[in-house]
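Next come the chains, spelled out residue by residue.
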Amino acid sequence: MALRPLDIVLLGAPGSGKGTQSARIAPAFCLTHISTGEILRAAVAAGSALGVAARESMKTGELAPDGIVIRIIRERLSEPDTAAGFMLDGFPRTLDQAVALDEMLAEADRQLTLVLLIDVPDRELVQRLADRRTCSDCKRGYNLVFEPPKVPSVCDACGGELYQRDDDDEAIVRHRLEVYVRQTAPLSGYYRAKGILATVYGGGRNPDQVYGDIKQVLTAARRQGASQPA
Ligand code: AMP
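Everything numeric here is computed off the predicted structure, so don't read it as measured data.

Peer 1: What exactly am I supposed to notice about the packing of aromatic side chains here?
Peer 2: Within a pair of aromatic rings, the relevant descriptors are the distance that separates the centres and the angle that separates the planes. As enumerated under the stated definition, the model contains 1 aromatic pair in all. Centroid distance Tyr190 to Tyr191: 5.1 Å. Interplanar angle 75°. Geometry classified as edge-to-face. On the accessibility criterion, Tyr191 (0% relative accessible area) is buried.

Shown next, in the form of structure tokens:
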């Protein structure tokens, strides 16, 4: 019997650790990691039409238009490296995006296996984003308190220079959290009603502890999938 692919969504507020956990989950479970935020940041840096269309919303902490991100995901999910399983990080962020995702997966005769919500209290999110740094080359994330680089401002993995994202400025962070509460948090109810939501608590815990819980949830989901026809 063929293994059902593990097709998952990582849900959580900005700063909840989606990027950090993705870097652990994707290689361990052989999933293709798709981050709309990373795709959009690369488009902005390249000055492409997509980047120009998304730049203003990103700068102010608003969401990019649904049509743009839905098109990105539709194209990305049609690529062969997603066939054996994918992990969406930062998509969907609105109900319309969630419905569009269901529709495009149904067209491909697939459906989400699981939606993993990383739950972190608001006060901790603001602090984490202030302490967050990212490698300008390999995009690895650091936290200056929990996971500092060995040499200040230098990426342990590739030697690239670490920077603070423009939208991690405190005023923009507060706005991004409001946008999350208003537009993205309701998705947990949408997926709970479908019976595919799993919540992992991430507050006051280091990334390894959170990953330990995630690993258990995903291992159980994969086992369950193995007992069903693909
Ligand atoms: P992230 O790296 O996931 O925090 O995303 C950074 C920014 O990219 C967000 O604040 C939005 O402006 C934009 N963005 C990323 N994903 C989406 C999405 N699914 N829908 C709309 N905007 C998005």
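Moving on, there is more to tell.
Peer 1: Teacher, can you tell me more about the site of the ligand here?
Peer 2: What surrounds the ligand is a group of 16 residues, the closest being Thr36, Arg41, Glu62, Gly90 and Arg93. One of the backbone nitrogen or oxygen atoms of Glu62 is found 2.6 Å away from an oxygen atom of the ligand. Here Gly90 contributes a backbone N or O atom positioned 2.9 Å from a nitrogen atom of the ligand. A total of 480 Å² of accessible area belongs to the ligand in isolation, and the protein chains cover 96% of it. Looking at the shell around the ligand element by element, the count peaks at 4 residues for helix 2 (residues 36-46). Class assignment for the residues of the shell around the ligand results in 6 nonpolar, 4 polar and 6 charged.

Peer 1: Please explain the side chain of Arg176 as it appears in this structure.
Peer 2: In this fold, Arg176 is placed in helix 7 (residues 170-184). Assessed through its relative accessible area of 10%, Arg176 is described here as buried. Here the side chain of Arg176 touches Asp167 through a polar contact of 2.6 Å, landing on its backbone oxygen.

Peer 1: I would appreciate a short explanation of a nonpolar patch on the surface in the present structure.
Peer 2: A grouping of Leu144, Val145 and Phe146 is seen on the molecular surface, where their side chains present a nonpolar patch of about 290 Å² in accessible area. Positionally, Leu144 belongs in the loop between strand 6 (141-143) and strand 7 (162-163). By relative accessible area, which is 38% here, Leu144 ends up partly exposed.

Peer 1: Sorry, what's going on with the pattern of salt bridges here?
Peer 2: A side chain with one charge can pair with a side chain of the opposite charge if their charged atoms come near. Taken as a whole and judged by the stated rule, the model has 16 salt bridges. Between Arg110 and Asp7 there is a salt bridge; the shortest N-O distance is 2.8 Å. Residue Arg110 is found in the loop between helix 5 (95-107) and strand 4 (114-119), and its partner Asp7 is found in strand 1 (residues 6-11); the two are separated by 103 residues along the sequence. Here Arg110 falls in the partly exposed class, since its relative accessible area comes to 21%. For Asp7, a relative accessible area of 2% gives the class buried. The shortest N-O distance in the salt bridge between Asp208 and Arg24 comes to 3.0 Å. Residue Asp208 is located in helix 9 (residues 207-226), and its partner Arg24 is located in helix 1 (residues 18-29); the two are separated by 184 residues in the primary sequence.

Peer 1: What should I look at first to understand the sheet that holds strand 3 (residues 85-89) in this one?
Peer 2: Within a sheet, each strand pairs with its neighbour through backbone hydrogen bonds, oriented either parallel or antiparallel. The sheet built from 5 strands is open, its strands ordered 2-3-1-4-8 with parallel pairing. At either margin of the open sheet sits one strand with a lone partner, and together these are strand 2 (32-35) and strand 8 (197-201). Within this sheet the neighbouring strands show an average axis-to-axis angle of 20°, counted without direction. Sheet topology places strand 4 next to strand 8; 5 bridges connect them, and they run parallel. Residue pairing across strands places Ile118 opposite Val200, the latter belonging to strand 8. Lying over the sheet, helix 2 contacts strand 2 and strand 3, oriented at roughly 60° with respect to strand 2. Contacts between helix 4 (residues 66-77) and the sheet are confined to strand 2 and strand 3, with strand 2 contributing the most and set at about 165° to the helix.

Peer 1: Any chance you could explain the state of the cysteines here in plain terms?
Peer 2: Working definition: the covalent bond between the sulfur atoms of two cysteines is a disulfide. The final tally for this structure, using the stated rule, is 0 disulfides. The closest cysteine sulfur to the non-disulfide-bonded Cys138 is located on Cys155, 3.7 Å from its own sulfur. Look at Cys155 and you get buried, because its relative accessible area is 3%.

Criteria and thresholds
Residues numbered from 1 in each chain as written. Predicted model: local features only at pLDDT ≥ 70, side-chain atom pairs only at ≥ 80, totals over all residues. Heavy atoms only, no water. Phe/Tyr/Trp six-rings, centres within 6.5 Å; stacked < 30°, edge-to-face > 60°. Buried < 20%, exposed > 50% of the residue type's maximum accessible area, 1.4 Å probe, protein only. Near = heavy atom within 4 Å. Polar contact = N/O pair within 3.5 Å; in protein donor to acceptor, adjacent residues only side chain to side chain. Areas by Shrake-Rupley, 256 points an atom, 1.4 Å probe, with all protein chains shown as cover. Helix = DSSP H or I, 4+ residues; strand = E, 2+ residues; numbered from the N terminus. Nonpolar A, V, L, I, M, F, W, Y, C, P; charged D, E, K, R; others polar. Patch = residues over 30% accessible without salt bridge, like charges linked within 9 Å, V, L, I, M, F, W, Y side chains within 5 Å. Salt bridge = Lys/Arg side-chain N within 4 Å of Asp/Glu carboxyl O. Pairing = 2+ DSSP bridges. Axes fitted to C-alpha atoms, helices over the stretch in contact; angles between N-to-C directions. Contact = heavy atoms within 4.5 Å. Disulfide = S-S within 2.5 Å.

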